[in-house]
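Results of the structural survey
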Amino acid sequence: MRLSRYFLPVLKENPAEAQIVSHRYMLRAGMIKQQAAGIYSWLPLGYRVLKRIEQIVHEEQVRAGHIPLLMPTLQPADLWRESGRYDDYGQEMLRIRDRHERDMLYGPTNEEMITDIFRAHVGSYKDLPLTLYHIQWKFRDEVRPRFGVMRGREFLMKDGYNFDVDRDSALHAYNRHMVSYLRSYERMGLTAIPMRAASGPIGGDNTHEFLVLASTGESEVFYDDRVTALKLGSRDIDYDDRDGVAKVCEEFTTLYARTDETHDAAVFDGVPEAHRKVGRGIEVGQIFYFGTKYSESMGATVVTNDGSRVPVEMGSHGIGVSRLLGAIIEASHDDKGIIWPEGVTPFHVGIVNLKQGDAEADAACNAIYKLVAALGLEALYDDTEARAGEKFAKMDLIGLPWRITVGPRGLKNGVVELTSRRTGESVELPPEEAVAKIAEIYAAHR
Ligand code: ATP
Ligand code: MG
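Here's what I pulled together on the structure shown here. In this numbering scheme, every chain counts its residues from 1 along its sequence in written order. Labels are handed out in written order, letters beginning with A for the chains and numbers beginning with 1 for the ligands. Since the coordinates come from a predicted model, pLDDT governs what is reported: local features require at least 70, and pairs of side-chain atoms require 80 or more to be given and counted, while whole-chain, interface and lining totals use all residues. The side-chain figures draw on all heavy atoms in the structure; neither hydrogens nor water molecules are used.

1. Some details on the coordination of the magnesium ion (ligand 2)
Metal donors were taken as nitrogen, oxygen and sulfur atoms no farther than 2.8 Å from the ion, or 3.2 Å where the ion is Na, K or Ca. Water is excluded, so coordination may look unfinished. Glu283 (OE) and Gln286 (OE1) make up the full set of protein donors to the magnesium ion (ligand 2), lying at 1.9 to 2.2 Å. The class of Glu283 is partly exposed, set by a relative accessible area of 24%. The cut-offs for exposure are 20% and 50% of the maximum accessible area for each residue type, with area from a 1.4 Å probe on protein chains only; residues under the lower value are buried, those over the upper are exposed, and the others partly exposed.

So, in structure tokens, the structure goes:
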């Protein structure tokens, strides 16, 4: 993309309404625009990152054997009357009446609707296990929408639902979700720690939240800091191997890590003092096993192999897709702007032309731009007439992890400059080598 033809409305001043760094940088980098409290338009740069995050979530869900579909944002109230949640949900639910006076609502979550789909089409244990998920906008009329996309009213969520014949297979589904979530967050350059959680209105006895450590997080967290060093890395996961998947979960949930809701001071005291940490965290996902709560009330049953009919075992599993943008920025920025991890960056590399209009510099930039595209990567080429300092400041603010700087002086020696946004370090390389280096870096992130 050429910057001169793009839509990147960056702000010079710090917006007064933004209290935390991620909200401030998302506004300044022209990623979002607030349309009403907690409701945002996703401008092109923000939209790109949102799509990248969505893509990672999709890929890891499909890898775990889960099946994508798409349910609507608007739901009939009657489904929620069946489960009893229409009255329980309270003011967070946006209730709407259509022209025929039918009660509708903008879905805050989809347990009822997915159970309705299931009961209409599945009736035998032979069709199980089954896990369906979607990535769809939700609405919760939060009392205090704040911190930009972190606590929105309209927000994008991945929510998945497993259907299993018995508790053991449902727990395997729970474990598959835990591992696929860990993998998703890692690909986004994040450390998100599974912490034992309290179940809340969805109900259930097995639940973990995934928290990204950040001083601006809304949850207080208590943990053994050795948990932050755990990594899945590139290990192969066989999602059909129950014991293997359970082992990975055990590895990630044995060290103490809890939110204030489940914190137990006596147990925490058993953690060696040097590793005992109290901090704050951002909830970027949650998994629940809740058994037959919805299947019983809504009559979603299956015939088992001995011919009896039982309510199906279920769980639900969410990732805060839009909140993740904020969480990633909270975890990865400096005083000049955002530093995108390679896995989610809106463009793979920025190209800065120090002397726009200089025939040689322009030709070199064009060649690099084409070379990047030929390798299946995307560059944002600042081909504007702005001063070098202004171009650098803009690139630093929007946070592309790599920048190639092209100027007449370097070109005389046959080199351009390749700079890491994270470390600030630069190397001089011939243009083709700089591009090859970038291709190599991203190959490791595919
Ligand atoms: P919170 O405790 O932050 O209100 P929640 O526990 O009510 O969240 P879940 O029902 O677990 O939320 O939803 C799954 C995920 O959706 C959460 O882990 C979070 O990442 C995201 N999410 C929930 N509410 C919001 C919101 N208002 N804005 C943005 N993302 C949200
Ligand atoms: Mg939650």
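2. Some thoughts on empty space enclosed by the protein
Using protein atoms alone on a 1 Å grid, points that fit a 1.4 Å probe yet trap it form a cavity, whereas open point sets bounded by protein on both sides within 12 Å along at least five of seven lines form a pocket; residues with an atom within 4 Å of a point count as lining. Grid points are joined across faces, edges and corners, and a volume is the space filled by probe spheres set on the points. A full pass over the atoms with the stated rule returns two cavities of 30 Å³ or more. Computed from the structure, the largest cavity encloses a volume of approximately 100 Å³. Surrounding the largest cavity, Leu182, Tyr185, Glu186, Leu190, Thr191, Ala192, Ile193, Pro194, Val227, Leu230, Lys231 and Phe252 form its lining. Secondary structure elements are taken from DSSP: a helix is a run of H or I of four residues or more, a strand is a run of E of two residues or more, and numbering for both begins at the N terminus. For the lining of the largest cavity, the secondary-structure elements that each account for two or more residues are helix H6 (167-187) and strand E9 (192-196). Empty space within the second largest cavity amounts to approximately 40 Å³. Around the second largest cavity sit Tyr40, Trp42, Trp137, Val149, Gly152, Glu154, Phe155, Leu156 and Ser322, which together line it. If you list the elements that add at least two residues to the lining of the second largest cavity, you get strand E2 (39-42) and strand E8 (154-164). Among the elements that make up the lining of the second largest cavity, the one with the highest residue count is E8 (three residues).

3. What about the sheet that holds strand E23 (residues 426-429)?
Pairs of strands are assigned from DSSP output, requiring at least two bridges between the strands. Strand order in the open sheet formed by five strands is E20-E19-E21-E22-E23, with mixed pairing between adjacent strands. Two strands bound the open sheet, and with one partner strand each, they are strand E20 (379-382) and E23. When the angles between neighbouring strand axes are averaged without regard to direction, this sheet yields 20°. In this structure, strand E19 (residues 349-353) lies alongside strand E21 (residues 402-406), joined through four bridges in parallel fashion. Each axis is a line fitted through C-alpha atoms, and for a helix only the stretch in contact is used; angles between axes span 0 to 180 degrees, taken between their N-to-C directions.

4. What about the sheet that holds strand E6 (residues 103-106)?
A sheet is described by the order of its strands in space; here three strands give the open sequence E4-E6-E5, paired in antiparallel fashion. A single partner strand is all that each edge strand has here, and the edge strands are strand E4 (74-76) and strand E5 (94-97). Neighbour-to-neighbour, the strand axes of this sheet turn through a mean angle of 35°, independent of strand direction. The sheet contact formed by E4 and E6 spans three bridges and is antiparallel. Residue Leu74 lies in a different strand from E6, and its bridge partner there is Tyr106.

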